[in-house]
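Structure at a glance
Listed below, chain by chain, are the residues.
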Amino acid sequence: MPDHGIVVVGASAGGVEALASLAASLPADLPAAVFVVLHLPATGTSALPEILRRHGPLPAAHVKDGEPIEPGRIYVAPPDHHVLLRTGHVRLSRGPRENGHRPAIDPMFRSAAREYATRVIGVVLSGTLDDGTAGLLSIKSRGGIAVVQDPADALYPGMPGNALEHVTVDHVLAAASMGELLARLTAELADKPPGPAPSVMRV
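Computed from a prediction, not measured in an experiment: that's the story for all the values here. (Residues numbered from 1 in each chain as written. Predicted model: local features only at pLDDT ≥ 70, side-chain atom pairs only at ≥ 80, totals over all residues. Heavy atoms only, no water.)

Let us now look at helix α2 (residues 48-55). Turning to α2, its buried residues are Leu48, Pro49, Ile51 and Leu52. Down the axis of α2, the sector holding all buried residues measures 160°, keeping them to one side. In this structure, the buried residues of α2 make contact with α1 (15-25), β2 (32-38), β3 (60-62) and β4 (74-76). (Buried < 20%, exposed > 50% of the residue type's maximum accessible area, 1.4 Å probe, protein only. Helix = DSSP H or I, 4+ residues; strand = E, 2+ residues; numbered from the N terminus. Arc of directions from axis to C-beta. Contact = heavy atoms within 4.5 Å.)

Written out as structure tokens, the structure reads:
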């Protein structure tokens, strides 16, 4: 287990604005690695890492398959690849679409919950439909923390609203206010997972 936190963030429609606000609020010494999935077309390029670097103090880049996980960095899912967390490193997958998307939020959330348990904070931001809700349930089942953007603060409240309807969420707030909360939560995360992940938590 790492001696730092794992923050997994999912967003869809309206997510660029929410992610920029979140990135701007993060401290430069955040004791956590931040992983971001934004629903993207399978083709084309993504400028999201550049946007997040421009708005906040943390370095941001697209995930490279097999690279190590380090605190104080933002890892962004590239187009047409799911991001899966493993112990100490991150993998890319071109597995089946979930909720109509690749990258999708739920696979990343599930893998984080399975590998890092109580050291995970899941964040659902602006978007439509319900990607991220099942993943948040997995995070909560492993003792992690669920954070949801206030639907009134989201350009598209569907994803935050669905998460709030189905998950016992720990914190609801505006995206621009999340940095201070995440810094505090990652400093307080428990040291050990509650036990091995159940076999049904397949990635």
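Now that the structure is up, let's keep going.
So, on to the packing of helix α3 (residues 105-116) against helix α4 (residues 133-141). Packing of α3 against α4 brings their axes to within 8 Å, and their N-to-C directions diverge by 5°. Our classification of the angle between α3 and α4 gives roughly parallel. Every residue of α4 that contacts α3 at Asp106, Phe109, Arg110 and Ala113 is listed here: Thr133, Ala134, Gly135, Leu136, Ser138 and Ile139. A class-by-class count of the residues in the contact of α3 with α4 yields 5 nonpolar, 3 polar and 2 charged. (Axes fitted to C-alpha atoms, helices over the stretch in contact; angles between N-to-C directions. Parallel < 35°, antiparallel > 145°, perpendicular 65-115°, else oblique. Nonpolar A, V, L, I, M, F, W, Y, C, P; charged D, E, K, R; others polar.)

With that settled, consider the side chain of Asp106. When you line up the elements, Asp106 lands in helix α3. Look at Asp106: it is buried, it has no salt bridge, and the nearest opposite charge is Arg110 at 5.2 Å. Sequence-distant contacts of Asp106, defined by excluding residues within four places in its chain, comprise Glu98, Asn99, Asp131, Gly132, Thr133, Ala134 and Gly135. (Lys, Arg positive; Asp, Glu negative; His and termini not counted. Salt bridge = Lys/Arg side-chain N within 4 Å of Asp/Glu carboxyl O.)

This part takes up the sheet that holds β2. Hydrogen bonds between backbone groups are what pair the strands of a sheet, and the pairing can be parallel or antiparallel. Pairing within the open sheet is parallel, and its 7 strands lie in the order β3-β4-β2-β1-β7-β8-β9. Edge positions in the sheet fall to β3 and β9 (171-173), since each has one partner strand and no second. In this sheet, neighbouring strand axes are inclined to one another by 20° on average, regardless of whether the strands run parallel or antiparallel. In this sheet, β9 lies alongside strand β8 (residues 145-149) in parallel orientation, the contact comprising 3 bridges. Bridged to Val147 within β9 is His171. (Pairing = 2+ DSSP bridges.)

A separate point is helix α6 (residues 178-188). Residue pairs three or four apart in sequence face the same way in an α-helix, which turns once every 3.6 residues. Among all positions in α6, only Met178, Gly179, Leu181, Leu182, Leu185 and Thr186 are buried. The buried residues of α6 all sit within an arc of 160° when viewed along its axis, so they share a single face. Opposite the buried face of α6, at more than 90 degrees from it, the exposed residues are Glu180, Ala187 and Glu188. Looking at the buried side of α6, the elements it contacts are β1 (5-11), α1, β2, β7 (120-124), β8 and β9.

A large share of strand β5 (residues 82-86) lies buried, amounting to 4 of its 5 residues. Strand direction decides the pairing type here: β5 and strand β6 (residues 89-93), joined by 5 bridges, are antiparallel. Looking across to β6, one finds that His82 is bridged to Ser93. In this structure, the hairpin formed by β5 and β6 is closed by a connection of 2 residues, where Gly88 is found at a positive phi of approximately 90°.

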